Amino acid sequence: MNDVLFNVGYGHFLVLAAVLFLIGMVGVLLRRNAMIILMSVELMLNAANMTLLTFSRMWGDVGALSAHTFALIVIGVAAAEAAVGLAIVVAVFRGRRSVDVDKLNALRH
Amino acid sequence: MDPQTLSFLGLPALAWIAVLPLCGATINLLLGKRLSKSTVTFIAVGTVAAACVLSGVMVFWGLFQHGVDATGNMSPKALWEGEGITQVAWKWIEVGSFKADLAFHLDSLSAVMILIITFVGTWIHIYSVGYMAQDKGYSRYFGYLNLFTGAMLILVLAASLPVMFIGWEGVGLCSFLLIGFWYENDAYAYAGRKAFVVNRIGDFAFLLGTFLLFWAVKSLDFQDIKSLANGAKYATTAWGPNGSQVWGHERLAAAAGICLFIGACGKSAQLPLYIWLPDAMAGPTPVSALIHAATMVTAGIYMVCRLSFLYSVSTTAMIVISTVGLLTALVAAFIAFAQTDLKKVLAYSTVSQLGFMFVAAGTGHYAAAVFHLGTHAFFKACLFLGAGSVMHGMEHGGSKTPGDITTMGGLKKHMPVTRATFMISCLAIAGIFPFAGFFSKDAILGGAWSVAGAGAPPGWPPFYGYLLWGGLLVAALGTAFYMWRLYFLVFSGNERSEEAKHAHESPPSMLSALVVLAFFAVVIGFLGVPELEALHKIPHAFHALETWLAPSITHVWWVDAGIKPEMGHEPSDVVSIVLMVVALGIGSLGIGLAWMLYGRGPSPTVAKLVEGPLHGAWVASKNKLWVDEFYDATIIRPFKAACKGLFEIVDRFVIDTIAVNGAAFVVSLFGRLARWFQNGQVQRYLVGVVVGAAAVFFVTDCHRHPAVTVTLKNDQLHLHAEPGAGIVGSNAKLHWHLDGVPACDGDKTLPGEPADRDIRRGDATGSSIALCIDDAISHTMTPVTVRVPTEETP
Amino acid sequence: MKTFALLLALGMVLGVATPAIVHAQPVPAAQAAPSAKPQADLPSVAHPHDDVVESHGTGMALLFWIFAAACIGGALFVITRRNLIAAVMGMVGSFIGIAAIYMMLYAQFLAVLQMLVYAGAIMVLFVFVIMILNRPEDEPVAPTGRAGQVVGGIAIIYLVGRLAGILMNVVVPTSGAVGMGAPRALTLAPYGTTPAESVPWGTVKAVGMDLFGAGMFPFEAISILLLVAVVGAIAIARPLHPHDGTDADPGTHP
């Protein structure tokens, strides 16, 4: 127990990232507001980034295209995705006057 | 040109004997409504008459042919002293090694039968012309009657059990059709159904017997079965399946014989299965005459005689047959005492006489059985037709219940011809010399006497023959009594009702048949005069029947030890004559008693007896010994209850609720399940993704870890690691690592192999022991907690 | 909110001050020597941060837990708040925590970039859109249905537990040992240079060398991606009719 608390190793980072990821996933699954869902997706991306960096640090990943370049690109992609996602939310809101995803069930039929 | 090869249009002549009435049936049933009455009549009567002529030709032609005897030489003996002729119509079944041809066989036994059937049948057809003249189902009636005749002829001419079964079933069917001819009346329809169902029970037993024989003999031709029964060495192996000795020769013959006999019980109305015959009187009277007096009910006797070789093997079967026959004769006679319906008395009389015939067959005197069959055919048919004539007359007199004898009486004034023929037939059935019944009944009684004492077959108690004889005598007494009671009540005394006063004689078409049959009832007995030393002067023709039948009926009891004793000891002349006199006396006694009690209508004595000492017996007799009610309570009601129960459980519950509704329920359940997944909300789909990911994770992760065991032996620690289970675990490479060297190098096991390491106990303490696990998920060095055992493990 | 801002400030301070604190810590002895415990101990495994810059011990642990609390607290905020702006604030706090964690991992460049891009740009974008939509509130929990919730909950709990169990046991051998993929030196040699001129992992220089060297194609690609995203966002969010896109009264909407 002491070991876990006071000797912080790579495992702790990984678990933290995993927990963040799962919290984000819970948010995606349970919240009905589209904005919150998008934010939870961002959270998941961040968690993935953290995992990436941790492992990279662990293994001394210095080859071509190391992990934090990758993480950088992930941030960029997250930004792009957030932009487009928000644009969609705006468009949908314009049409339906609501961002409740439960009402967006046209896929049913 | 000889009878063996005679054929018309490709079909052998024997087949034509059966086919002619069938053609008539086809035409009448299909086109009868459109044809005129006379055409229908012509076709119906004509085909049966033609069959009669053809059978006469086939039979008597053979008498003068020269045949080939056993040694292959031409012999001047008549053809019928050999095996008879067999003609094959066509190949019917050929499956693997089982062959059944549609073959017809004519020998002396079937010759007798076809002559009786066609001759009596023709006269009954003629009678029916008058009787059914006003009926609107005229063509249908004659169609069925022809169909019946054809089926009966198939039965009798059959050369193998399957062909016989065709005829067997056919006559059962026609019996049903004809009994329930006036089907608009529910009671008549039920009577037809009862006949069919009871017959069916017998048919089931018949089939069981057939299967048993097939099992043993691998063939169902009579010749084949006979040759095996007849074998010079009574090869028990031949009878068991695959040549084994599971069922000995005699036991199998007994079993098959008894099964087939039960079938005969159904067809010939013997003890447990006779209940349909009294109800069958619901049909038109000529039907009763033909089917239930002369022909169909004799099918059972014929079958037993045809298979005489089989029954001769097993005296057990013979004892069963005799016992059943005796009991039937007695019971039926008892019931007939108190019946008041004309035809019902005759029906019970038929059952009783059939019992006589079966006793004869059971004692081995098949010829006597056939003889009685023949004589009975004539006088019983005459009695039935006479009854029909009486009922016809009563109907014209205005009676609504024409068969009720309590309303009759004094009809001798109104219907003299009917009365005369009826009286002749009653004399015949009572066994009065010189009418037909005397000789045939005496043959049976003599046969019963001859199997008593020293002449008993092996396995029979010696007194049994005397028992049979005595019982038959009592039954004969009863027969005479109730038949003459019937006669007196119908024809003598005064008319007991208005309708009787207005009765009149029947038309000539009906009377002609009556006269012909009565004539034969008188003369036909002389075919079977017993062979007495004193009568040797009389030409052979007089005991012709027995000699005639000799080639086709087995006369010996086959016994395992190879001894072939004759059937019983023929009694000496003196004994024979004494027996004849006794039989005659009993018959006369019966007639006398009947005359005393009923001579001029029912006398007061009868009433006193009925109220007084005989009351119980009278009630029992009148109620037919409550047999129908007994069957209803013990068999029919439980059966119906079982059907109802099965309906509720199996039909309603299992099939409807579980299977049908259940299937629908399952379908809708899955539909609901699928709908849950497809509600259009993406979040729901993501839940599926997450659950799926967790499942995948679970599957690969489960039991991944290796199992570690440490054993101590001789101060040596043995470390053993088994790879775990699951996809990932079982492909792990393991390696024990010691001494604190933080490396998992070299020497790793192959994927899935356990890893072992031995170290001294002293080294275990203080050193670090690690298990290197290299699997798809982790490439770790896992510290293993090694609890050093304190004592040796065995 | 106030407490939150306080936590935020504290986190930033600590994040900046961490290396200083860390450097002040003494280096404890390696635990490679087998102890006299009857139980077999871990063989000498590499503790985290057993690398060029020695940094482990109780202080680091404390910092870690604080930043972890920030991350997780912020994340929980996001998924539980009804008020969207509150959720955004929680998100920002989580990002700050994440940035601090990155710093603990010695990924300096990424930590700063995280703050600038994520908390600075993306969250601002979120706030803009929230303002446009003018709907700051919402029901917090979606009625997925009992069955779905239960099944999903079980799955997630299982995943958390299992992942924690596995990830905590990930063990890396020390850099000196030969064997199952020992980590290489945490330095990067620039193109055409000798290993002596290596660049430490995580610095701007290292990232730049990587990005504009081997990662040139991804770099160009990401820029095109961003361009496409911008164009796409405009295309999607563009009003179809001239009077759309504003808070027009619902009545006039077709």
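Residues numbered from 1 in each chain as written. Chains lettered and ligands numbered in written order. Predicted model: local features only at pLDDT ≥ 70, side-chain atom pairs only at ≥ 80, totals over all residues. Heavy atoms only, no water.

Colleague: Describe the overall build of chain B, with residues and values.
Modeller: Within chain B one finds 29 helices and twelve strands. With 794 residues in all, chain B has 54% of them scored as buried. Within chain B, residue pairs in contact and separated by at least 24 positions form 74% of the contacts whose partners lie at least 6 positions apart. (Helix = DSSP H or I, 4+ residues; strand = E, 2+ residues; numbered from the N terminus. Buried < 20%, exposed > 50% of the residue type's maximum accessible area, 1.4 Å probe, protein only. Contact = heavy atoms within 4.5 Å.)

Colleague: Go over the side chain of Gln-114 of chain C with me, naming the residues and quoting the values.
Modeller: With respect to the helices, strands and loops of the structure, Gln-114 of chain C is situated in helix H4 (residues 108-133). What makes Gln-114 of chain C buried here is its relative accessible area of 0%. In this structure Gln-114 of chain C touches Asn-46 and Ile-75 of chain A together with Phe-95, Ile-98, Ala-99, Tyr-102 and Ala-119 of chain C, once residues within four positions along its chain are discounted.

Colleague: Please give an account of the sheet that holds strand S7 (residues 707-713) of chain B that cites residues and values.
Modeller: Residues and elements named next belong to chain B. Sheet architecture is open: three strands sit in the order S7-S8-S10, paired in antiparallel fashion. Every interior strand has two partners, whereas the edge strands, S7 and strand S10 (755-760), have only one. On average, adjacent strands in this sheet sit at an angle of 20° to one another, irrespective of strand direction. (Pairing = 2+ DSSP bridges. Axes fitted to C-alpha atoms, helices over the stretch in contact; angles between N-to-C directions.)

Colleague: Can you lay out the confidence of the model for chain A for me, pointing to particular residues and giving the numbers?
Modeller: On average, residues of chain A score 82 in pLDDT, and 82% of them are at 70 or above. Across chain A, the secondary-structure element scoring lowest on mean pLDDT is helix H1 (residues 2-6) of chain A, at 68, and the one scoring highest is helix H3 (residues 34-59) of chain A, at 89. (pLDDT = per-residue confidence, 0-100.)

Colleague: Lay out a nonpolar patch on the surface in plain terms, naming residues and giving numbers.
Modeller: A contiguous nonpolar patch, built from Leu-646, Ile-649, Val-650, Phe-653, Val-654, Ile-655, Ile-658 and Val-660 of chain B and spanning about 690 Å² of accessible area, is present on the exposed surface. Leu-646 of chain B sits in the exposed class, given a relative accessible area of 52%. (Patch = residues over 30% accessible without salt bridge, like charges linked within 9 Å, V, L, I, M, F, W, Y side chains within 5 Å. Areas by Shrake-Rupley, 256 points an atom, 1.4 Å probe, with all protein chains shown as cover. Salt bridge = Lys/Arg side-chain N within 4 Å of Asp/Glu carboxyl O.)

Colleague: Account for the packing of helix H14 (residues 315-336) of chain B against helix H25 (residues 615-622) of chain B, naming residues and giving values.
Modeller: Residues and elements named next belong to chain B. Contact geometry for H14 and H25: axes closest at 7 Å, N-to-C directions at 100°. As far as their axial angle goes, H25 and H14 are roughly perpendicular. Between H14, through Phe-334, Ile-335 and Ala-336, and H25, the contact on the second element is made entirely by Ala-617, Ala-620 and Ser-621. Within the contact of H14 with H25, the residues separate by chemical class into five nonpolar, one polar and no charged. (Parallel < 35°, antiparallel > 145°, perpendicular 65-115°, else oblique. Nonpolar A, V, L, I, M, F, W, Y, C, P; charged D, E, K, R; others polar.)

Colleague: Give a description of the nonpolar core that names residues and reports values.
Modeller: With 206 residues, the main nonpolar core has Trp-276, Met-303, Tyr-311 and Leu-411 of chain B as its most contacted residues. Beyond its immediate sequence surroundings of up to four residues, Leu-411 of chain B is in contact with Val-390, Met-394, Val-490, Phe-491, Ala-500 and Ala-503 of chain B. In terms of nonpolar packing, the next biggest core, distinct from the first, is built from 69 residues, Met-50 and Leu-86 of chain A together with Leu-84 and Phe-126 of chain C among them. (Core = buried A, V, L, I, M, F, W, Y, C linked by side-chain atoms within 4.5 Å.)

Colleague: So what's going on with unusual backbone geometry? Residues and values would help.
Modeller: All names here are of chain B. The backbone phi angle of Ala-269 is positive, close to 55°, even though this residue is not glycine. With relative accessibility at 0%, the residue Ala-269 sits in the buried group. Phi is positive for Trp-626, which is not a glycine, with a value near 55°. You can see Trp-626 is positioned in the loop between H25 and helix H26 (627-677). By relative accessible area, which is 41% here, Trp-626 ends up partly exposed.

Colleague: Describe the packing of aromatic side chains, listing the residues and the values that go with them.
Modeller: Summed over the entire model, instances satisfying the criterion amount to 35 aromatic pairs over all chains. Where Phe-378 of chain B meets Phe-520 of chain B, the ring centres are 5.2 Å apart and the plane angle is 20°; that geometry is what we call stacked. Of the two residues, Phe-378 of chain B is situated in helix H16 (residues 366-396) and Phe-520 of chain B in helix H21 (residues 508-523); the sequence distance between them amounts to 142 residues. On the basis of relative accessible area, Phe-378 of chain B is assigned to the buried category, the value being 4%. Between the aromatic rings of Phe-212 of chain C and Phe-219 of chain C, the centroid separation amounts to 4.8 Å while the plane-to-plane angle is 65°, which identifies the pairing as edge-to-face. Residue Phe-212 of chain C is classed as partly exposed on the basis of its relative accessible area, which comes to 48%. Put simply, the rings of Tyr-138, Tyr-141, Phe-142, Tyr-144, Phe-181, Trp-182 and Tyr-188 of chain B touch in pairs and so form one group of aromatic residues. (Phe/Tyr/Trp six-rings, centres within 6.5 Å; stacked < 30°, edge-to-face > 60°.)

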